[in-house]
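This is what each chain is made of:
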Amino acid sequence: MSRTLSTTPTQDGFRMPAEWGNHAGTWMIWPERPDNWRNGAKPAQIAFTQVATAIAAYEPVTMCVSPAQYLNARHALPVSVRLVEMTSNDSWIRDCGPSFVTNPNHEVRGVDWRFNAWGGLQEGLYSPWDQDDLVGEKVLEMERALRYAPPIVLEGGSIEVDGEGTLMVTMQCLLNKNRNPDLSKEAIEAALRDYLGVTKIIWLDQGVFNDETDGHEDNLARFVAPGRVVLTWTDDHEDPQYEISQDAFLRLSKAVDAHGRALEIIKIHQPGPLFMKGEEAAGVDIIDGTEPRTAGLRLAASYVNFYMCNGALIVPELDPGFDAHAASALKLACPNHDIVMVPAREILLGGGNIHCITQQQPMGFEA
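Source: prediction; values computed, not measured. (Residues numbered from 1 in each chain as written. Predicted model: local features only at pLDDT ≥ 70, side-chain atom pairs only at ≥ 80, totals over all residues. Heavy atoms only, no water.)

**Q** Could you give an account of the sheet that holds strand β13 (residues 264-269), naming the residues involved and the relevant values?
**A** The strand order β11-β12-β13 describes an open sheet built from three strands, whose pairing is mixed. Of all the strands in the sheet, the pair left with one neighbour each is β11 (221-225) and β13. Geometrically, the sheet is characterised by an average inter-axis angle of 30 degrees between neighbouring strands, direction not taken into account. Note: strand β12 (residues 228-233) against β13, six bridges, orientation parallel. (Pairing = 2+ DSSP bridges. Helix = DSSP H or I, 4+ residues; strand = E, 2+ residues; numbered from the N terminus. Axes fitted to C-alpha atoms, helices over the stretch in contact; angles between N-to-C directions.)

**Q** Now, about the packing of aromatic side chains: what can you tell me, with residues and values included?
**A** Counting across every chain of the model gives six aromatic pairs. Between Trp37 and Phe48, the ring centres sit 5.5 Å apart and the planes meet at 85 degrees, which makes this aromatic pair edge-to-face. Taken together, the positions of Trp37 in the loop between β2 (23-29) and α1 (42-56) and Phe48 in helix α1 put the pair 11 residues apart, joining distant regions of the chain. Of the two residues, Trp37 and Phe48, neither departs from the other in class, the shared state being buried. Sitting over the face of the ring of Tyr126, Arg33 holds its NZ or CZ atom 4.6 Å from the ring centroid. When the ring centre of Trp233 is taken as origin, the NZ or CZ atom of Lys267, which lies over that ring, is 4.0 Å away. (Phe/Tyr/Trp six-rings, centres within 6.5 Å; stacked < 30°, edge-to-face > 60°. Buried < 20%, exposed > 50% of the residue type's maximum accessible area, 1.4 Å probe, protein only. Lys NZ or Arg CZ within 6 Å of the ring centre and 35° of its normal.)

**Q** Give me the nonpolar core: which residues, what numbers.
**A** Counting residues in each nonpolar core, the largest one holds 70 residues, and the members touching the most others are Val230, Ile268 and Ile347. Considering each element in turn, this core owes the most residues, seven residues, to α1. (Core = buried A, V, L, I, M, F, W, Y, C linked by side-chain atoms within 4.5 Å.)

**Q** Now, about the pairing of strand β15 (residues 312-317): what can you tell me, with residues and values included?
**A** Most of β15 sits out of view: five of its six residues are buried. Examined bridge by bridge, strand β14 (residues 307-309) and β15 share three bridges and lie antiparallel to one another. Looking at β15, one finds that Met308 is bridged to Leu313. Linking β14 to β15, which pair antiparallel, is a turn of two residues; within it Gly311 sits at a positive phi near 95 degrees. As defined by bridge partners, β15 adjoins strand β16 (residues 338-343) across six bridges and the pair is classed as parallel. Paired with Ile314 across the bridge in β16 is Val340. The parallel pair β15 and β16 is bridged by helix α10 (residues 323-333), and the resulting crossover is right-handed. (Right-handed = clockwise from strand over helix to strand, strands pointing away.)

**Q** Could you give an account of the pattern of salt bridges, with specific residues and numbers?
**A** Per the counting criterion, the structure on display carries 20 salt bridges. For Arg147, the salt bridge identified is with Asp112, shortest N-O distance 2.8 Å. Of the two residues, Arg147 sits in strand β7 (residues 147-148) while Asp112 sits in the loop between β6 (108-111) and α4 (120-123), which places them 35 residues apart along the sequence. Each of the two residues, Arg147 as well as Asp112, counts as buried. As a salt-bridge pair, Asp257 and Arg261 come within 2.7 Å of each other at their nearest N and O atoms. Taking relative accessible area as the criterion, Arg261 reaches 30% and is therefore assigned partly exposed. Shared partners join several salt bridges into a network, and the residues in it are Glu19, Arg94, Glu160 and Arg222. (Salt bridge = Lys/Arg side-chain N within 4 Å of Asp/Glu carboxyl O.)

**Q** So what about the side chain of Gln45? Which residues, and what values?
**A** Mapping Gln45 onto the fold places it in helix α1. Apart from the residues within four sequence positions on either side, Gln45 is in contact with Trp30, Pro31, Glu32, Gly40, Gln69 and Asn72. (Contact = heavy atoms within 4.5 Å.)

**Q** Quick rundown of the environment of Ser158? Include the residues and the values.
**A** As for its position among the elements, Ser158 is in the loop between β7 and β8 (160-161). It is 32 Å that separates the C-alpha atoms of Ser158 and Asn72, two residues lying 86 residues apart in sequence. Beyond its immediate chain neighbours, meaning those up to four positions away, Ser158 contacts Met168, Val169, Cys173, Leu174, His216 and Glu217. Polar side-chain contacts of Ser158 include one of 2.6 Å to the backbone oxygen of Glu155. (Polar contact = N/O pair within 3.5 Å; in protein donor to acceptor, adjacent residues only side chain to side chain.)

**Q** Tell me about helix α8 (residues 240-254), and name the residues and values.
**A** Taking 1.5 Å of rise per residue, 15 residues should cover 21 Å, and α8 covers 23 Å from first to last C-alpha, within 8% of that figure. Of the positions making up α8, those classed as buried are Gln241, Tyr242, Ile244, Ser245, Ala248 and Leu252. One side of α8 carries all its buried residues, which in axial view fall inside an arc of 165 degrees. Opposite its buried face, α8 presents the exposed residues Glu243 and Lys254, each directed more than 90 degrees away. Summarising the contacts, the buried residues of α8 are in contact with β9 (166-170), β10 (200-204), β11, β12 and β13. N-cap assignment for α8: the residue whose side-chain oxygen lies 2.7 Å from the backbone N of Gln241 is Asp239. (Expected span 1.5 Å × (residues − 1). Arc of directions from axis to C-beta.)

Read these as geometric descriptors, not functional statements.
In structure tokens, the structure reads:
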């Protein structure tokens, strides 16, 4: 068992660095469950392979895979991608894996949040989730990293930091009764400060429309540099996303970061809107305890759900009508990064996107 500390990262001088900091590598989990990924997860496995291959051109990638899928994954993935056997319930390592924290001495530790499959028995997306709840601890064990174990339910996709003391979250997710019903907003803020090393929290209201994670931050707005935020957007006044993005824009326009800087906001027009097709829904098995997929479901599609690796943004390719626009806008936002578009509809059909299936392990950084 990874050694679990009784202190907090803030007490020990640790904080969560920005995603654009140097990475030691990226963690992923191989998809296989047929009640979430259509056609026995084969299309999703192709998409995950394309994402892993794109990232591996810039930094090391580790893919966690079940014993039953080990040979299949090894055949599909480049030899440069390291495989490790690990049992899990599904493939969302952003949410069930550890959030890494670092200190000025280049030490890396992990924060292993409690995980309840985005809502627990009443509103969660699948049951059981016991193996997913062990993923963070297993990763830290493999890396021989010290472990913090906060007494709260939280997913990595619900938090977004700038590495300089600022955190963005949504009220829809973090204040949802299906996560920590006994904790007040003030208690949740205290835990975020203790375990992420932040001093300023910017609360947005809702996440992307119809996002089954209850409005994760990483699908709505992201830091790409100190004082610079990208925000998913639509100009269609009739689209339910319009008011959500307008509200987020107003909140961000009035906010300052931990250093008192006003935020530069870059709008990234959403794809679509996109909907699940009948044949896509029909390919998903129906099993008790799992949220069913249905034809015509509005997909929570967003280009903001990209992954920042060493030297590149790995961006979901979702809609020929907006893909090029998104790439150009993200290049403007991140001029020092390559923009690598990867077909990602199959990941979206499973309920998330590229950022949701990746988790960065940072190098230590200088204060």
